[in-house]
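# Observations on chain architecture
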Amino acid sequence: MFGALSLIGPAESMALASSLLYALTLVAIRHGLQGGTPLAAVLTINTIVCLGGLTGSLLRGTLLSSSLAPLLFFALSGMAGQGIGAVAHYIGIERMGVSRSTLVQSITPIWGAVFAVAVLGERPAPPVWAGTLMIVGGMFLLAAPEEEDGDFRSWLRAALVYPLLSSVVYALVPIFAKLAFAHQRTPLVGMAVAFAMGNTILILGRPLLPGGGPVRASRRSFWLFALGGVFNLFASYLLWSAFLIGDISTVLPMSRFYPLFLIFFSFFLLREFERLSGRLLLATGCIVAGGVLVAAFRA
């Protein structure tokens, strides 16, 4: 066990821990959605992460000393992931359903590796590519609907573009973060700017969202969303720090373990909402084996 753990570098370890915390975020959101809307959840969580990054960067003195170039890259990161990516994700869910949309969006690590090679000059080893594909394959198994429904060609023509766009722009987030870190190594500043920009895009894009993007939350739901925001604040700090010190081609796949953590938490915390399927062992094997390959051949 400890020999396997020793394969994981600091950046990959932070990405894995980030994935665990993000799974807790999703647990809090699922409970909160009983009395609130998805947009209310995202806006609340983004605000908490933004305020956390803002407070931390002010205390460290890094925000006021920031230059324009990295701030622009951080803003582009938020526009891509927390903004355009989130809007496209919502529309994809409306047009295709949660399972199919998540299925398409799960290819984000592949786009991330491609962009890392093309833009940052990273050269992941062949086993890293193989591990990334295994992680994506495991996520496909977890996200795929149990039964086929609807006309494949109709949703392919009308809806595929939205989760596909979402997967691409989410993969751009670490690329813009890396370009910003080339100017200044300030993940807290990046979080503050990116999540603020994400909320701005979400608010401007509300008319495009299903039903006009209603923002409602009961008191209980608000506090659950806020709890999710705290989890996501620490998850984001770990992930942005991993982007700072590690390669995107290995960090991004290791940050996608949250479906497995979510299944574990669902068994204990969401049994009334979740049912474990027969594909769990195969999906688990693919994701874990892929993670081992990525970690073992990261350099």
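The coordinates are above.
Overview of the structure. (Residues numbered from 1 in each chain as written. Predicted model: local features only at pLDDT ≥ 70, side-chain atom pairs only at ≥ 80, totals over all residues. Heavy atoms only, no water.)

This paragraph deals with the overall build of the protein chain. When helices and strands are counted, the protein chain shows 14 helices and zero strands. Relative to its 299 residues, the protein chain shows a buried fraction of 49%. Within the protein chain, contacts between residues at least 6 apart in sequence are counted, and of these 91% link residues at least 24 apart. Summing over all exposed atoms, the protein chain offers an accessible surface of approximately 13900 Å²; the carbon and sulfur share of this is 70%. (Helix = DSSP H or I, 4+ residues; strand = E, 2+ residues; numbered from the N terminus. Buried < 20%, exposed > 50% of the residue type's maximum accessible area, 1.4 Å probe, protein only. Contact = heavy atoms within 4.5 Å. Areas by Shrake-Rupley, 256 points an atom, 1.4 Å probe, with all protein chains shown as cover.)

The grouping of Leu51, Leu54, Leu58 and Leu64 at the surface amounts to a nonpolar patch, some 390 Å² of accessible area in total. Relative to the elements of secondary structure, leucine 54 occurs in helix H3 (residues 38-60). (Patch = residues over 30% accessible without salt bridge, like charges linked within 9 Å, V, L, I, M, F, W, Y side chains within 5 Å. Salt bridge = Lys/Arg side-chain N within 4 Å of Asp/Glu carboxyl O.)

For the coordinates displayed, the defined rule picks out six aromatic pairs. Centroid distance phenylalanine 74 to tryptophan 240: 5.9 Å. Interplanar angle 55°. Geometry classified as tilted. One end of the pair, phenylalanine 74, is in helix H4 (residues 68-96); the other, tryptophan 240, is in helix H11 (residues 219-245), and 166 residues separate them in sequence. Residue classification places phenylalanine 74 among the buried residues on the basis of a relative accessible area of 0%. For tryptophan 240, a relative accessible area of 3% corresponds to the buried category. Ring plane angle 80° and centroid distance 6.3 Å describe the contact between phenylalanine 181 and tryptophan 240, whose orientation is recorded as edge-to-face. Here phenylalanine 181, found in helix H9 (residues 161-181), pairs with tryptophan 240, found in helix H11; they are 59 residues apart in sequence, far enough to count as distant. On the accessibility criterion, phenylalanine 181 (7% relative accessible area) is buried. (Phe/Tyr/Trp six-rings, centres within 6.5 Å; stacked < 30°, edge-to-face > 60°.)

Core analysis: the biggest nonpolar cluster contains 49 residues, and Phe181, Met191, Phe195, Trp240, Phe243 and Val251 have the highest contact counts within it. Core analysis: the next-biggest nonpolar cluster, separate from the first, contains eight residues, Leu43, Ala86, Tyr90 and Leu209 among them. (Core = buried A, V, L, I, M, F, W, Y, C linked by side-chain atoms within 4.5 Å.)

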